[in-house]
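Remarks on the overall topology
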Amino acid sequence: MQYYDPKTLSFLLNDVHQLESLLKHDRYAAFDKQSIELLLDAVKDFSDGSLFPYIKEMDEKPSVFKDGRVTVHEQFGPVLKKAGEMSLIGGFMDEKDGGMQLPLMVFNALYFIMEAANNHVTGYMGLTAGAANLIVTFGTEELKQKYVPNMLEMKWGGTMCLTEPQAGSSLSDIISSAKPVVDGTYSIKGQKIFISASDHQFSDNFIHLVLARVEGAPAGTKGVSLFVVPQYLVNNDGSLGDYNHVDVVGEFEKLGQRSYCTNHLAFGDSGESIGYLIGEENKGLTYMFQMMNEARIATGRMGTGIASAAYYASLQYAKERPQGRKLQSTGKKDPSQEQTLIINHPDVKRMLLHQKAIVEGSLSLILECARYVDMQMVSDGEEKNKYHLLAEILTPVAKTYPSEAGKDAVDTGLQILGGYGYMMDFILQQYLRDIRIISIYEGTTGIQSLDLMGRKVTMMEGAALKLLANEIETTIKSAMNHDELKPYAMTLGEGAKLIEICLGHLMPHAMKGNHERYLADATIFMDLFGTVVIGWQWLKMGIVALDQDESFKKSKLHTLDFFYKYEMSRCKGLQKTICHDSDVTVKMDVEMF
């Protein structure tokens, strides 16, 4: 069964986002288009054989917590070993640190393929990759040598430990403690919850990155430090030492992604847990943001992968399921005719187009965001800052749009199957359960929306927003050179103007110090902003699609047309809501509920 379209992925990488121009930079000189294609094919073969066939079984046989240990599906053993052998963990990291020095855009494409095949697996790999990269970036040479090589081979797993029972997204309320020890290490004590991929039988050690407060640290986020806390201490010769008293005290049984374990960890309860400081004290959250931002893009990518798999599952069903008859010119149906396949009904086509538009638009945005990070890596001065700001403003959108719209797309796919969509026999119900967590992971939609409006839009006096507006305007001008794209270019310009109108309406509230009112509809603004950004991606695709073969071109232009008719048309209503004078959510007293 198909779960993504290799031709569309190649189109996005090579034609829309111009991978070959990126490969001309010295950093990526080891690769060319042909070597990248071989890598994509290898990951597809790996996914076809080792990941996709087990997606349903991993849901039916989830991870199990017993006697302080987590046991996962047996297929994780060969999968994680093979991922390490294929250098899929540190693929984007520098060669000197054990990576392949792949463009992040390609790395995201590889993980998208795997996530479309089986979204229960890649979290184990991605968290280890992020943790290893953070140690490389901010850790000492000793920490790098001691932990990173085994992590890149997937012999050891990696995690990020932020959330506590009393502190979810509010990291300023963390109470886990770190007491300095005479040898320069720290004694870590505290509870962490919702820690993904934190234990299983196929890793010899787990390297936890833990946020905690050193005694006497300032209150709030300014007093948070970051520590490497291994499950087992590591001796100087690289062998495993004593147990470090990182106890798995429970597992959270989830609605979906049931083979992607999520645990409650206790540090220092059964004995002393030793931690090793990363960087300087009280700067832990700054360091952790590297991994958090990587994880936010990765989460959006995972949502895109799940939505892609759901689209192709529902597409296959629609091509095989006969039901009803096509309307005749009289408006009646001939009961003597054979039943038609449901894909011939306009409303089913609408639902399939809805899925296709969201999946391909989301994938383009993920790759765009990754490309900006890549360009930041190979640029200097103002150019480097430009790409940094563009990545900053798009990261919350890249996390949120595929999460929210992807969830809607999967739900639409289930609807195509009708009653069968609700049954356990078909996988759509699983994809709906799996994708539901994506808008919660790594900062909820509300948190991402506050980040967009409260930080990214206003940063450096709107510099990031202006740069993004310039990027969109460049695409609009290019599209205006093609008669068939002019209407879409004009609509996109109107959508960008609606964003300006909203900010013009809301900014006075912020300037008066009424920040609660300014941010009250941040999630609605995210919806508007994300829709316009995806509209921009679709217009970029439309321009390049004009030069493709006729069948591919028609498919892309029809989907572009759908997105602008059904999704971009929502923007005026969202702007009207945002600019409405009512302060209903701010003024609603708790007693009124």
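Below is a summary of the structure that appears in this document. A quick note: this is a predicted structure, and the numbers were derived from the prediction, not measured.

Mapped onto the elements, Lys 81 comes out in helix 5 (residues 76-85). One polar contact links Lys 81 to Glu 85, side chain to side chain, over a distance of 2.6 Å.

The subject of this paragraph is the environment of Asp 45. Relative to the helices and strands, Asp 45 is located in helix 3 (residues 33-51). Asp 45 sits 435 residues away from Met 480 along the chain, and the two C-alpha atoms are 41 Å apart.

Before going further, it helps to examine empty space enclosed by the protein. Under the criterion given, the structure shown has one cavity of 30 Å³ or more. Estimates place the volume of the largest cavity at around 60 Å³. If you go around the largest cavity, the residues you meet are Tyr 4, Asp 5, Thr 8, Leu 9, Phe 112, Ser 308, Tyr 312, Val 359, Glu 360 and Leu 363. Elements with a minimum of two residues in the lining of the largest cavity: helix 1 (6-16), helix 9 (284-320) and helix 10 (346-377). Per-element tally for the lining of the largest cavity: the top contributor is helix 10, with three residues. Split by residue class, the lining of the largest cavity holds six nonpolar, two polar and two charged.

Attention now moves to the state of the cysteines. Enumeration according to the criterion identifies zero disulfides in this entry. Between Cys 161, a free cysteine, and Cys 261, which holds the nearest cysteine sulfur, the sulfur-to-sulfur gap is 12 Å.

On inspection of all chains with the given rule, the structure shows 23 aromatic pairs. Pairing Tyr 260 with Tyr 441 gives two aromatic rings, centres 6.4 Å apart and planes at 75°, and the pair type is edge-to-face. One end of the pair, Tyr 260, is in the loop between strand 10 (246-251) and strand 11 (262-267); the other, Tyr 441, is in the loop between helix 12 (428-435) and helix 13 (445-456), and 181 residues separate them in sequence. Taken together, the aromatic side chains of Tyr 3, Tyr 4, Phe 52 and Phe 112 make up a single cluster linked through ring pairs. Lys 556 extends its terminal NZ or CZ atom over the ring of Phe 552, reaching a point 4.3 Å from the ring centre.

Bringing the layout of surface pockets into the picture now. Reported here for the second largest pocket is a volume of approximately 470 Å³. Lining the second largest pocket are 20 residues, and of these Tyr 311, Leu 353, Lys 356, Ser 555 and Thr 559 lie nearest its centre. Mapped by element, the contributors of at least two residues to the lining of the second largest pocket are helix 1, helix 9, helix 10 and helix 18 (550-567). At seven residues, the largest contribution of residues to the lining of the second largest pocket is made by helix 18. Residue composition of the lining of the second largest pocket, grouped by class: seven nonpolar, six polar and seven charged.

To continue, consider helix 9. Taking 1.5 Å of rise per residue, 37 residues should cover 54 Å, and helix 9 covers 54 Å from first to last C-alpha, within 8% of that figure. Residue Gln 290 marks the point of greatest curvature in helix 9, where the axis turns by about 30°. Burial analysis of helix 9 places 30 of its 37 residues in the buried class, the great majority of the element.

When the charged atoms of two side chains lie near each other, side chains of opposite charge can form a pair. The tally for this structure, following the rule as stated, stands at 32 salt bridges. Across the salt bridge formed by Lys 192 and Glu 164, the nearest N and O atoms sit 2.9 Å from each other. Pair noted here: Lys 192 is in strand 5 (residues 186-196) and Glu 164 is in the loop between strand 3 (156-161) and strand 4 (177-180), with a separation of 28 residues, a long-range link. Each member of the pair, Lys 192 as well as Glu 164, carries the same accessibility label: buried. Ionic pairing is found between Lys 283 and Glu 280, a salt bridge with its closest N-O pair at 3.3 Å. The exposure class assigned to Lys 283 is partly exposed, which follows from its relative accessible area of 37%.

Counted at 1.5 Å a residue, the expected span for helix 14 (residues 463-479) with its 17 residues is 24 Å, and the 25 Å between its end C-alpha atoms agrees. Looking at helix 14, one finds that the buried residues are Ala 463, Ala 464, Leu 468, Glu 471, Ile 472, Thr 475, Ile 476 and Ala 479.

The next thing to look at is the side chain of Ser 362. Among the secondary structure elements, Ser 362 is positioned in helix 10. When its relative accessible area of 1% is taken as the criterion, Ser 362 is described as buried. Among all residues touching Ser 362, those that are not within four sequence positions of it are Thr 304, Tyr 401, Pro 402 and Ile 534.

The next thing to look at is the pairing of strand 6 (residues 205-214). Each regular strand displays side chains that alternate between the two surfaces of the sheet. Counting buried positions over the ten residues of strand 6 gives ten, a clear majority of the element. Note that strand 3 and strand 6 share six bridges and pair parallel. Opposite Thr 159, over in strand 6, you have His 208 as the bridge partner. Where strand 6 and strand 7 (residues 225-230) come together, six bridges link them in antiparallel fashion. Across the sheet, Ile 207 pairs through a bridge with Pro 230, a residue of strand 7.

Calculation criteria
- Residues numbered from 1 in each chain as written.
- Predicted model: local features only at pLDDT ≥ 70, side-chain atom pairs only at ≥ 80, totals over all residues.
- Heavy atoms only, no water.
- Helix = DSSP H or I, 4+ residues; strand = E, 2+ residues; numbered from the N terminus.
- Polar contact = N/O pair within 3.5 Å; in protein donor to acceptor, adjacent residues only side chain to side chain.
- 1 Å grid on protein atoms, 1.4 Å probe; cavity = no way out; pocket = protein on both sides within 12 Å on 5 of 7 lines; lining within 4 Å.
- Points joined across faces, edges and corners; volume = space filled by probe spheres on them.
- Nonpolar A, V, L, I, M, F, W, Y, C, P; charged D, E, K, R; others polar.
- Disulfide = S-S within 2.5 Å.
- Phe/Tyr/Trp six-rings, centres within 6.5 Å; stacked < 30°, edge-to-face > 60°.
- Lys NZ or Arg CZ within 6 Å of the ring centre and 35° of its normal.
- Expected span 1.5 Å × (residues − 1).
- Bend = angle between axes of the 7 residues up to and from the residue.
- Buried < 20%, exposed > 50% of the residue type's maximum accessible area, 1.4 Å probe, protein only.
- Salt bridge = Lys/Arg side-chain N within 4 Å of Asp/Glu carboxyl O.
- Contact = heavy atoms within 4.5 Å.
- Pairing = 2+ DSSP bridges.

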